[in-house]
Amino acid sequence: MTGPSSTAGACWFLVFPDTDAVAALAARARPCATREIAHPSGRPWLIGRWPDHALTSVACGPARLAVLGQHAVTEEEAEHAACAGSLEAADAYASRWAGSHHLIASLDGRTLVRGTVTGIRSVFAAQVPGTHGAHLVCDRADVLADVAGADLDEARLAVHLLSPGILHPLTTQTVWRGVDVVPGDRRVLLDRDGRLRTSRCWSPPPAELPLAEGARLVRERLADAVAARITGRELVSADLGGVDSTAVVATAARTGAKTVAYTAAVHDVLGDDVAHARRTVESLDAVEHHVVPATAVPLTFDRVDALDDDLDTPSLYAVNRHRRMYIIERAAERGSPVHLSGMGGDELFSGASAHVHGLLARHPRTAWRLARGFTSRHRWSRRTAIAQLLDRRPYGSWLARAAHDLTSPNPPCRSRCSPGAPRRDCPRGPPGPPSRPCARSSRCRPRTPSRSPRATADTGSWPPCAPWPASPGTSSRCPSRSA
């Protein structure tokens, strides 16, 4: 198990309530920390490890406020928020700040902690035995577990290892007992004794903007986000490949900063990222472009047995760690202190198939149109997809069935896949339970990798399975991808 003592190179912080009940816990964390900020009472407030440039902190009478992460918040702006008169008012003022950061504020012994709605800047909380109900708050689950003395939950760990892209609500659980994830749309409030409550700090805006107005706001927010990361820097680097990273590079280049862009070529003959990247560079000034040959980029699982990153949960990206870091390491050698990417663009704008199930009852025509698109894109079985869409069981019942099916035996393949047969992934087994896709034998697998725009052609992997709830007699894990 990791913790403060084993995350020597990682950044982390712990938030302590203004009470002597947690003094022993602060003493336990202090030897592994390099930074500390006190409450007005002199008791520890923040203890941790972070670089100087990541923190802006101010004191305003009995108030304290800290912004920690990627941001461009000045001390003057932070002081305005700290002097707003209440923790909630300080949070409202700070909500306009661009970047990816944590907000920690203290006033009259009460403390507020907020991360990001996306969960990139997570917030974890734990009630510590022997502290009269006091809670600690941290940005890393492993550090909090170590300080609070929480045990590893092997059942939760097994679920995370089974499928890193696990389903709700399992994503809201850590792998330590008693260490909880605070939802991204809620903020933590600690009273003087460390008792914890949460309140909503974000709600989705109404879907009422015209497309042109929405596009303008996205452009402005993207410009603010990029500026928060590169302001004052003479040189930055970035990925340049898909639509999302292209928008980031164009935005960075227009700020006047020297931008070094990297495009990774792929083995797929249909891959066109390099061609589009070159067209983008031709239309921009001050962009230095490098194309990385496909043969130079490490493959998936490269040196996976030698990973030494300090992670507080199993990560889907671990198998691609060296593949993703190859370009970043080249950028660092070029002298770039900051590397930008388009990660997150797909999650914001591509749309997930999961919402089609709930959309069907409210807007059936739109739902069927989207369902046809997802079915065609991912080569799902239409029969299986329709059965899942029409299954109206509550989500909890479907999730329980999915868990039950994990230990069910695989049905046999109905027929062999001959070399000349149409491409099929897993032919459907006989209807009825146990409802699992067949095992992928050497004679029952795709002949060529997926050609979808976002496919990982170098590894021959398929796009993800449809997450629509499955009906009895159909696969609850992965529908057949036969057309």
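Residues numbered from 1 in each chain as written. Predicted model: local features only at pLDDT ≥ 70, side-chain atom pairs only at ≥ 80, totals over all residues. Heavy atoms only, no water.

A. Quick look at the sheet that holds strand β12 (residues 196–200). Within the open sheet, the six strands sit side by side as β4-β5-β6-β7-β11-β12. Their pairing is antiparallel. Edge positions in the sheet fall to β4 (55–60) and β12, since each of these pairs with one other strand and no more. Across the sheet, the mean angle separating the axes of adjacent strands is 15 degrees when strand polarity is ignored. Seen against the sheet, helix α2 (residues 75–82) touches β4 and β5 (63–70) and runs at an angle of roughly 45 degrees to β4. Running over the sheet, helix α3 (residues 87–94) touches β5, β6 (100–107), β7 (110–114), β11 (186–190) and β12 and is turned about 25 degrees from β7. (Pairing = 2+ DSSP bridges. Helix = DSSP H or I, 4+ residues; strand = E, 2+ residues; numbered from the N terminus. Axes fitted to C-alpha atoms, helices over the stretch in contact; angles between N-to-C directions. Contact = heavy atoms within 4.5 Å.)

B. Highlighting the packing of aromatic side chains. As enumerated under the stated definition, the model contains two aromatic pairs in all. Seen in terms of ring centroids, Tyr-395 and Trp-398 are 5.7 Å apart; in terms of plane orientation they differ by 35 degrees. Their pairing is tilted. In this pair, Tyr-395 and Trp-398 are both assigned in helix α14 (residues 395–405), three residues apart and thus about one turn of the helix distant. The buried category is assigned to Trp-398, whose relative accessible area is 3%. Residue placement shows Arg-96 over the ring face of Tyr-93; its charged tip is 4.2 Å from the ring centre. Here the basic side chain of Arg-330 rests over the ring of Tyr-326, its NZ or CZ set 4.5 Å away from the ring centre. (Phe/Tyr/Trp six-rings, centres within 6.5 Å; stacked < 30°, edge-to-face > 60°. Buried < 20%, exposed > 50% of the residue type's maximum accessible area, 1.4 Å probe, protein only. Lys NZ or Arg CZ within 6 Å of the ring centre and 35° of its normal.)

C. Focus on the packing of helix α12 (residues 364–378) against helix α13 (residues 382–390). With their axes 11 Å apart at the nearest point, α12 and α13 run at an angle of 140 degrees to one another. The angle between α12 and α13 places the two elements in the oblique class. Between α12 and α13 lies a crossing whose hand is right-handed. Each of Trp-368, Ala-371 and Thr-375 in α12 lies in contact with α13, whose residues at this interface are Arg-382, Ala-385, Ile-386, Leu-389 and Leu-390. Its residues assigned to classes, the contact of α12 with α13 shows six nonpolar, one polar and one charged. (Parallel < 35°, antiparallel > 145°, perpendicular 65-115°, else oblique. Left-handed = near helix turned anticlockwise from the far one by under 90°. Nonpolar A, V, L, I, M, F, W, Y, C, P; charged D, E, K, R; others polar.)

D. Seen up close, the sheet that holds strand β8 (residues 124–127). If you walk across this open sheet you meet the six strands as β2-β3-β1-β9-β8-β10, and the pairing is antiparallel. Across the chains shown, the open sheet's two edge strands, defined by having one partner strand only, are β2 (35–38) and β10 (179–181). When the angles between neighbouring strand axes are averaged without regard to direction, this sheet yields 20 degrees. Its contacts with the sheet put helix α4 (residues 141–148) on β1 (12–15), β8, β9 (135–138) and β10, and the angle it makes with β8 is roughly 15 degrees.

E. Here's a closer look at the confidence of the model for the protein. Per-chain confidence: the protein averages 83 in pLDDT, with 82% of residues scoring 70 or above. Here residues 414–483 scores under 50 on pLDDT; set against residues more than four positions off or in separate chains, the count is 167 contacts. (pLDDT = per-residue confidence, 0-100.)

F. Local environment of the pattern of salt bridges. Overall, the coordinates contain 25 salt bridges when judged by the stated rule. Salt-bridge contacts for Asp-153 lead to Arg-156; the nearest nitrogen and oxygen are separated by 3.5 Å. Neither Asp-153 nor Arg-156 differs from the other in exposure class; each is buried. Where Glu-288 meets Lys-258, a salt bridge forms, and the shortest distance between an N and an O atom there is 3.9 Å. One end of the pair, Glu-288, is in strand β15 (residues 287–292); the other, Lys-258, is in strand β14 (residues 258–264), and 30 residues separate them in sequence. (Salt bridge = Lys/Arg side-chain N within 4 Å of Asp/Glu carboxyl O.)

G. Spotlight on the side chain of His-101. Along the chain, His-101 falls in strand β6. Setting aside its immediate chain neighbours within four residues, His-101 contacts Val-67, Leu-68, Gly-69, Gln-70, His-71, Arg-114, Gly-115, Thr-116 and Arg-121.

H. Highlighting the environment of Thr-116. Here Thr-116 shows up in the loop between β7 and β8. Spatially, the C-alpha atoms of Thr-116 and Trp-202 are 9.5 Å apart, while their sequence positions differ by 86 residues. Those residues in contact with Thr-116 that lie beyond four places of it in its chain are Ser-100, His-101, Arg-121 and Gly-184.

I. Main features of the state of the cysteines. In this structure the tally under the stated criterion is one disulfide. The disulfide partner of Cys-60 is Cys-83, and the gap between their sulfur atoms is 1.8 Å. Across the disulfide from Cys-60 to Cys-83, rotation about the S-S bond amounts to roughly 110 degrees, and the bridge is consequently right-handed. Here Cys-83 lies in the loop between α2 and α3 and Cys-60 lies in strand β4, a separation of 23 residues in the sequence. Judged by relative accessible area, which is 40%, Cys-83 ranks as partly exposed. (Disulfide = S-S within 2.5 Å.)

J. Structural context of the pairing of β11. For β11, a buried count of four out of five residues is recorded, marking the element as mostly surrounded by other parts of the structure. Across three bridges, β7 lies against β11 in antiparallel orientation. Bridging from a neighbouring strand, Val-113 pairs with Val-188 of β11. Two elements, β11 and β12, share five bridges in a ladder whose sense is antiparallel. Looking at the pairing, Val-188 lines up with Thr-198 of β12. With antiparallel pairing between neighbouring strands as the criterion, β11 and β12 make up a hairpin whose turn holds five residues, including Gly-194 at a positive phi of roughly 90 degrees.

K. How the structure looks around the packing of helix α11 (residues 355–362) against α13. Taken N-terminus to C-terminus, the directions of α11 and α13 make an angle of 60 degrees; their axes are 9 Å apart at the nearest point. Seen along the crossing, α11 lies across α13 with a hand that is right-handed. Of α13, the residues touching α11 (which contributes Val-356, His-357 and Leu-360) are Gln-388, Leu-389 and Leu-390.

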